[in-house]
Amino acid sequence: MTVSMKDVALKAGVSIASVSRVISGKPGVGKETEKKIREVMDELDYRPNMGARGLVMKSTGNIAIVIPRGTFTLNNPFFSTVLEGIAKGLDKTDYNMVMSFTSLQQKRLLETQSVDGVILFAPRYKELKLEWLESIGLPIVVIGSYLEDSPFPCVRPNDEMGTKKAVEELYKLGHRNIGFINGPIDSMHSVKCLRGYKNTIESLNMEYTKNNVFEVGEFEIQARNQDLEKFLIENSRITGFVCSSDYLAIGLIKAAGKVGLKIPEDLSVVGLDDVPLSSHITPALSTVHVDLIGIGKRASAILINLLKGKQIRKKEIVFEMDFISRDTTGIVKD
């Protein structure tokens, strides 16, 4: 037999209006009452009729997770870990996740108002245009570094500070010629990481040169394996590298092995973000940790508050990063 909202109200000893407010996320129900209602909903295995509710409330019950560069993004553990955080955040609500991977899907999903709000993984400069995003009129929260002055609430790691800490740790180990492996420069993440690297190199009285920077077109290195191997051979004076993602660092370690470099005896490597894979590879990757699941949870919480009509005072939430020493960094040989 189908369980109704009325059944939940009777079992919980509250009004139907209170149950409706809890389901829709509206204020007006005390914490204890809300907890009781949710416990009864679980006990009776009650599931709101989202279609009927949508007709009444003009709500779809759906949240769009917009992922530019779809297939690659899903293969990158940074994004999949953040997605886990988003899912955990939305599990506490009645909203469903609707994911889109191609530009056509994204435009169709958003322009037809098939969702109530959007969590957007930071697009590149040539991808979704700001004017178009603003024109669709939906609440949007961005994850990752997007624009210097984003009109949307943004949740991101402190990319510049994370890169700074990585360079400083190599410096403490005696490295005086530190290279940098970066992603595409049309990504604001890459821009911030490069800025953090350059500023720190100069602040430590080392020489910054573009010759020490290797840039790839995506946050993985497979397509340019041979170029990277050649770069390592031609720049053998470099004793340590900072990479703007763990994925890049893992690719660098593989390339170093192919040209006969031992990690960390011949070359120290530091990644960025501390994805779950980093501690499981051999050698375990030294990196700069950020709470990726926490970023996803925070983004979903901000969006839910926007959908409830709450005022968002702080538009940029920056998660700090901490260096994690593992097996890919070591003291420079004399």
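Before reading on, note that the structure itself is shown above.
Conventions used here
Residues numbered from 1 in each chain as written. Predicted model: local features only at pLDDT ≥ 70, side-chain atom pairs only at ≥ 80, totals over all residues. Heavy atoms only, no water. Pairing = 2+ DSSP bridges. Helix = DSSP H or I, 4+ residues; strand = E, 2+ residues; numbered from the N terminus. Axes fitted to C-alpha atoms, helices over the stretch in contact; angles between N-to-C directions. Contact = heavy atoms within 4.5 Å. Buried < 20%, exposed > 50% of the residue type's maximum accessible area, 1.4 Å probe, protein only. Arc of directions from axis to C-beta. Core = buried A, V, L, I, M, F, W, Y, C linked by side-chain atoms within 4.5 Å. 1 Å grid on protein atoms, 1.4 Å probe; cavity = no way out; pocket = protein on both sides within 12 Å on 5 of 7 lines; lining within 4 Å. Points joined across faces, edges and corners; volume = space filled by probe spheres on them.

A.B. asks: Can you break down the sheet that holds strand 8 (residues 240-243) residue by residue, with the values?
C.D. replies: Judged by pairing direction, the sheet is parallel, and its four strands sit side by side in the order 7-6-8-9 without closing on themselves. For this open sheet the edge positions go to strand 7 (213-215) and strand 9 (268-270), each flanked by a neighbour on one side alone. Strand-to-strand twist across the sheet, computed as the mean angle between neighbouring axes with direction ignored, equals 20°. The sheet contact formed by strand 6 (residues 178-182) and strand 8 spans four bridges and is parallel. Counted as the bridge partner of F180 is V242 from strand 8. Sheet contacts for helix 9 (residues 159-172): strand 6, strand 8 and strand 9; angle to strand 8, the most-contacted strand, approximately 170°. Where helix 10 (residues 188-203) meets the sheet, it contacts strand 6 and strand 7, and its direction lies at approximately 175° from that of strand 6.

A.B. asks: An account of helix 1 (residues 5-12) is requested, with residue identities and associated values reported.
C.D. replies: Within the sequence span of helix 1, burial applies to V8, A9 and A12. For helix 1, the angular spread of buried residues about the axis comes to 100°, placing them on one side. Pointing more than 90 degrees away from the buried face of helix 1 are the exposed residues K6 and L10. Immediately downstream of helix 1, the backbone of G13 shows phi near 70°, a positive value.

A.B. asks: Describe the nonpolar core, listing the residues and the values that go with them.
C.D. replies: Ranked by internal contacts, the top residues of the largest apolar core, which has 43 residues, are I86 and F121. Sequence-distant contacts of I86, that is, excluding residues within four places in its chain, are made with I65, M97, I119, F121, I143, G296, K297 and S300. By size, the runner-up hydrophobic cluster in this structure holds 21 residues, among which are L228, F241, C243 and A249.

A.B. asks: Account for empty space enclosed by the protein, with residues named and values stated.
C.D. replies: By the definition in use, this model includes two cavities of 30 Å³ or more. Empty space within the largest cavity amounts to approximately 300 Å³. Lining the largest cavity are 20 residues, and of these F78, F79, S187, H189 and F219 sit closest to its centre. Listing elements by their share of the lining of the largest cavity, those giving two or more residues are helix 6 (77-90) and helix 10. Of the pockets and cavities examined, the second largest cavity occupies roughly 30 Å³. Lining the second largest cavity we find N76, P77, F78, S245, D246, Y247, L272, D273 and V275. Secondary-structure elements contributing two or more residues to the lining of the second largest cavity are helix 6 and helix 12 (246-258).

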